Amino acid sequence: MKKIRLNKSSRPVMTFEGGVHPVESGKLLSCYKPVSKAPLLERYTVLVHQNAGKPPKPVVSKGDHVLKYQLLAAADGGFSANVHSPTSGTVFDIVEGPGPLGIPAQTIVIDSDGLDEGAAPFEPIDWRTAEVAALVGRVREAGVVGMGGAGFPTAMKLTPPPGKSVDTLILNGAQCEPYLSADHRLMLESPERVLEGAAISGRILGVSRIFLGIEINKKDAIETLEPFCERYGVTLFPLEVRYPQGSEKQLISAMTGRMVPSGGLPADAGCVVQNVGTAAAVRDAVVLGLPVVERIVTVTGEVVAHPGNWLLRIGTPVIKALELAGGVTEEPGKLILGGPMMGFSQNSYEVPVSKNTSGILLLPGDVAVNYGSGDCVRCGRCVQGCPMNLESCLIATAIEGGRIDLAEQNHVMDCLECGSCAYVCLAHRPLVQLFRRAKAEIRRMRAAGNGSVGK
């Protein structure tokens, strides 16, 4: 259910029920730093699997010479995404390297020739007159995926399942995750890229309205984008500063008042939600004929010497990104790809940047100190903070007692894994980890054809 209040200018400010308000000071480390373009590296380690769904298949071999934008790995079906070369050079090897989930992942190692040669591989398309099928095909060819973190193939997202009627495209400019400012800087520095990409996506979907939501702590972005909104048929909505405001279901609730049913998709509420970075990538693919080979990444944290935002090519090792930020001022306690709430801790500085790497975050040593969780004190804070209205404490207790069936009955599969419950838990219970374990077990049982989890 959406809530509306009026700010000082009497403009409606939208939000949703539940959620939390993490400390915002982390954003100040980077949000006022313009995007800097990273210099060409001698070597890039390009992850083959950079999308949700099936990994693409490499189409190059060790020793091959490649050009910038050349196809390195081809999508294996619709639920997959192409990967292109970030520069020209030689395929040094195709090997297992450090992956973003802490396990080895297939990578294509490119040694740069220093020339950075390569032209746009696709012809520009006039999106206002082109066939929708051609626009979808271009998005697919360019390897566009959800740049906000999910990595869902965008061509598939812009093609709702049969029987689903979509009338609203929602553009996510909330960037509610603490510390991150990549989307903020993109909106400030490339407003028309974002809005034209939204208009292209809207035409593909055939929607009657396009909404853009931005949290009100990004007043400069709101003021920058507003003059262009009418040109591209976009309605801008200020959003309350609240986490996880940028989640699909919460944006839909806040901006339309509709609810995504349990186990459903945004299309079940007549909506498609797209990150502003994804919209910009769609625009570049269609208007410029360019595949996704780079993205804005926030490199930040209290122990980073010079936090900021950089335009990094995919395949850039984290250690090289940190060098651009001046290194560290003290030994970090934790390295995270993404933000502190939904990002993933890393065990290697060699893990490479991928299409959905929105941030590289280094936290101080004191956050990594081991601490024990206590028993649930039944305070209800996790229930109050859950944006999905789940009874988090009861679900966690069921999982700890081995009753995955009860967790499923209490809708653990609807958990966003946003961490709001763990953030407010007085007993420091590992709630998100418990929910992830239960969801993995439920998926395993369903995949095995056993339906719901039995007692």
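Computed from a prediction, not measured in an experiment: that's the story for all the values here.

**Student:** Quick question: what am I supposed to make of the overall build of the protein chain here?
**Tutor:** For the protein chain, the helix and strand inventory stands at 13 helices and 19 strands. Rg of the C-alpha trace for the protein chain: 22 Å, near the compact-globule value of 23 Å for 455 residues, within the 12% margin. Taken along its principal axes, the extent of the C-alpha atoms in the protein chain is 60 × 50 × 50 Å. The buried share of the protein chain, taken over its 455 residues, is 53%. Counting contacts in the protein chain only where the partners sit at least 6 residues apart, residues at least 24 apart contribute 71% of the total. Surface accessibility of the protein chain: about 19,300 Å² in total, with carbon and sulfur atoms responsible for 53%. Charged side chains in the protein chain number 45 positive and 45 negative. The centres of these two groups are separated by 5 Å.

**Student:** Which parts of the structure should I look at to understand the packing of aromatic side chains?
**Tutor:** The relative placement of two aromatic rings is captured by the distance of their centres and the angle of their planes. The final tally for this structure, using the stated rule, is two aromatic pairs. A centroid spacing of 5.1 Å and a plane angle of 50° characterise the contact between F79 and F152, whose relative ring orientation is tilted. Separated by 73 residues along the polypeptide, F79 in the loop between β7 (71–74) and β8 (83–84) and F152 in the loop between α1 (132–141) and α2 (154–157) bring together distant segments of the chain. Since its relative accessible area comes to 33%, F79 is described here as partly exposed. Over the face of the ring belonging to F92 we find R43, whose NZ or CZ atom lies 4.1 Å from the ring centre.

**Student:** Looking at this structure, I do not really get the sheet that holds strand β10 (residues 105–112). What am I missing?
**Tutor:** What links the strands of a sheet is backbone hydrogen bonding, and the strands pair in either a parallel or an antiparallel sense. Ordered in space as β4-β10-β9-β6, the four strands form an open sheet in which the pairing is antiparallel. Single-partner strands in this sheet number two, and they are β4 (43–47) and β6 (65–66). Bridge count for β6 against strand β9 (residues 89–97) is two bridges, and the pairing is antiparallel. Bridging from a neighbouring strand, V66 pairs with G89 of β9.

**Student:** Please clarify how the environment of T329 should be interpreted in this entry.
**Tutor:** Checked against the element boundaries, T329 lands in the loop between α8 (318–324) and β17 (334–337). Setting aside its immediate chain neighbours within four residues, T329 contacts E302, V303 and A305.

**Student:** Honestly, the sheet that holds strand β5 (residues 57–58) in this entry has me stumped. Any pointers?
**Tutor:** Within the open sheet, the three strands sit side by side as β5-β7-β8. Their pairing is antiparallel. On the outer flanks of this sheet lie β5 and β8, each paired with one strand and no other. Pairing analysis gives two bridges linking β5 to β7, with the strands arranged antiparallel. For K57, the partnering residue across the bridge sits in β7 and is A74.

Calculation notes
- Residues numbered from 1 in each chain as written.
- Predicted model: local features only at pLDDT ≥ 70, side-chain atom pairs only at ≥ 80, totals over all residues.
- Heavy atoms only, no water.
- Helix = DSSP H or I, 4+ residues; strand = E, 2+ residues; numbered from the N terminus.
- Rg over C-alpha atoms; globule rule 2.2 N^0.38 Å.
- Buried < 20%, exposed > 50% of the residue type's maximum accessible area, 1.4 Å probe, protein only.
- Contact = heavy atoms within 4.5 Å.
- Areas by Shrake-Rupley, 256 points an atom, 1.4 Å probe, with all protein chains shown as cover.
- Lys, Arg positive; Asp, Glu negative; His and termini not counted.
- Charge placed at Lys NZ, Arg CZ, Asp CG, Glu CD.
- Phe/Tyr/Trp six-rings, centres within 6.5 Å; stacked < 30°, edge-to-face > 60°.
- Lys NZ or Arg CZ within 6 Å of the ring centre and 35° of its normal.
- Pairing = 2+ DSSP bridges.

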